[in-house]
Amino acid sequence: MKKLIVLTGAGMSAESGLSTFRSSNGLWENHRVEDVATPEGWYRNPELVLDFYNGLRKTLIKSEPNAGHKKLAELESDYEVHIITQNVDNLHERAGSSHVIHLHGELMKVRSVRNEKLIYTLTPEHCEIHLGDKAEDGGQLRPHIVWFGEAVPEIETAIQYVEKADIFVIIGTSLNVYPAAGLLHYVPREAEVYLIDPKPVDTHTSRSIHVIQKGASEGVAELKQLLGV
């Protein structure tokens, strides 16, 4: 079975009503990114950061996977599909995708500030954390999110999958945020590459790429037609 590797960004979940991680004006849900998505912002005002992510979780819980998410899950009938996402939502999993690598963390998880491997999964019924909520090691719980300036622990795993791709698909990402943007350079030369985005994207490469200039749902539908599935 051929290996189909998909890299998804904010545009993948936009049709589900979720905001992009960083808009052109440097705000995320009306907050400065530096205040809610950096270690410095956390040290400066952890209560603000916790409240911000509590709000994002409530929005996510009310959101549903869109047709694009669902059609990617359907591809598992014909391909060995691995999704590498820059998104922190769980919409790929809720749509039925079996293999998802989260480069930037997961919104529905929290971890101890003392041990990044001490991770807890929240539920829709209990999705808020506050100052004073601690892990079993006594460390304050923080969002399990890779903030700007922090290491991306899953990038090596992602590279290993990309290096074996028969087909590589990019959906809804500007390819401006590294290290994720560099994954295209690890795609085998003989692999087919598709790019799905309604806006022009600078891929920073001279290799041949089949561009589908549509949103995620329409774009994945067209991709399936091109693949003959």
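Residues numbered from 1 in each chain as written. Predicted model: local features only at pLDDT ≥ 70, side-chain atom pairs only at ≥ 80, totals over all residues. Heavy atoms only, no water.

**Q** What exactly am I supposed to notice about the packing of aromatic side chains here?
**A** The geometry of an aromatic ring pair is captured by the separation of the ring centres together with the interplanar angle, meaning the angle of the planes. The full count for this structure, using the stated rule, is three aromatic pairs. On the numbers, 5.9 Å between centres and 35 degrees between planes, the contact of Trp42 with Trp147 is tilted. Placement of Trp42 in helix α3 (residues 39-44) and of Trp147 in the loop between β8 (141-145) and α7 (155-162) is noted, with a sequence separation of 105 residues between them. Ring geometry for Phe52 and Tyr53: centres 5.0 Å apart, planes at 90 degrees, overall edge-to-face. By the burial criterion, Phe52 is buried, and Tyr53 matches it. Aromatic rings pair up to connect Trp42, Phe52, Tyr53 and Trp147 into one cluster. Here Arg142 stacks its cationic end above the ring of Trp147, 3.8 Å away from the centre of that ring. (Phe/Tyr/Trp six-rings, centres within 6.5 Å; stacked < 30°, edge-to-face > 60°. Helix = DSSP H or I, 4+ residues; strand = E, 2+ residues; numbered from the N terminus. Buried < 20%, exposed > 50% of the residue type's maximum accessible area, 1.4 Å probe, protein only. Lys NZ or Arg CZ within 6 Å of the ring centre and 35° of its normal.)

**Q** Teacher, can you tell me more about the sheet that holds strand β7 (residues 119-121) here?
**A** The pairing of strands in a sheet comes from backbone hydrogen bonds and takes either a parallel or an antiparallel form. Taking strand neighbours across the sheet as the criterion, the three strands line up as β7-β6-β8 in an open arrangement whose pairing is antiparallel. Each edge of the open sheet is held by one strand with a lone partner, namely β7 and β8. Strand-to-strand twist in this sheet, taken as the mean axis angle between neighbours without regard to direction, amounts to 45 degrees. The pairing of strand β6 (residues 105-112) with β8 spans four bridges and is antiparallel. The residue bridging Gly105 from the neighbouring strand is Ile145, located in β8. (Pairing = 2+ DSSP bridges. Axes fitted to C-alpha atoms, helices over the stretch in contact; angles between N-to-C directions.)

**Q** I would appreciate a short explanation of the side chain of His144 in the present structure.
**A** Position of His144 among the secondary structure elements: in strand β8. There is a polar contact of 3.0 Å between the side chain of His144 and the side chain of Arg111. Once residues within four sequence positions are removed from consideration, His144 is found in contact with Gly105, Glu106, Lys109, Val110, Arg111 and Ile119. (Polar contact = N/O pair within 3.5 Å; in protein donor to acceptor, adjacent residues only side chain to side chain. Contact = heavy atoms within 4.5 Å.)

**Q** Looking at this structure, I do not really get the nonpolar core. What am I missing?
**A** Within the largest apolar cluster, 25 residues are counted, with the highest numbers of intra-cluster contacts made by Ile84, Leu103, Phe168 and Leu183. Of all elements in the fold, only β1 (3-8), α7, β9 (167-171) and β10 (192-196) reach the threshold of two or more residues within this core. Broken down by element, the residue count for this core peaks at four residues, all from α7. Ignoring any residue separated from it by four or fewer positions in sequence, one finds Leu183 in contact with Leu7, Ile84, Leu103, Ile155, Ala158, Ile159 and Val162. By size, the runner-up hydrophobic cluster in this structure holds 24 residues, among which are Leu18, Leu107, Leu141 and Trp147. (Core = buried A, V, L, I, M, F, W, Y, C linked by side-chain atoms within 4.5 Å.)

**Q** Any chance you could explain the sheet that holds strand β4 (residues 80-85) here in plain terms?
**A** Taken in spatial order, the six strands line up as β5-β4-β1-β9-β10-β11 in an open sheet, and their pairing is parallel. Both outer strands of the open sheet, β5 (100-102) and β11 (210-212), are each paired with one neighbouring strand and no more. Averaged over all neighbouring strand pairs, the angle between strand axes comes to 15 degrees, with direction disregarded. Pairing of β1 with β9 involves five bridges; the strand directions are parallel. Each bridged residue has a counterpart across the sheet, and for Ile5 the counterpart in β9 is Phe168.

**Q** How do you make sense of the packing of helix α5 (residues 67-74) against helix α8 (residues 216-227) when you look at a structure like this?
**A** When two helices pack together, their arrangement is given by the angle between the helix axes and the distance between those axes. Following both chains from N to C, one finds α5 and α8 inclined at 25 degrees, their axes separated by 7 Å at the closest point. If you check the angle between α5 and α8, you find them roughly parallel. Both α5 and α8 take part in a crossing whose hand is left-handed. Between α5, through Ala67, Gly68, Lys71, Leu72 and Glu74, and α8, the contact on the second element is made entirely by Ala216, Ser217, Val220, Ala221 and Lys224. Classifying every residue of the contact of α5 with α8 by side-chain character gives five nonpolar, two polar and three charged. (Parallel < 35°, antiparallel > 145°, perpendicular 65-115°, else oblique. Left-handed = near helix turned anticlockwise from the far one by under 90°. Nonpolar A, V, L, I, M, F, W, Y, C, P; charged D, E, K, R; others polar.)

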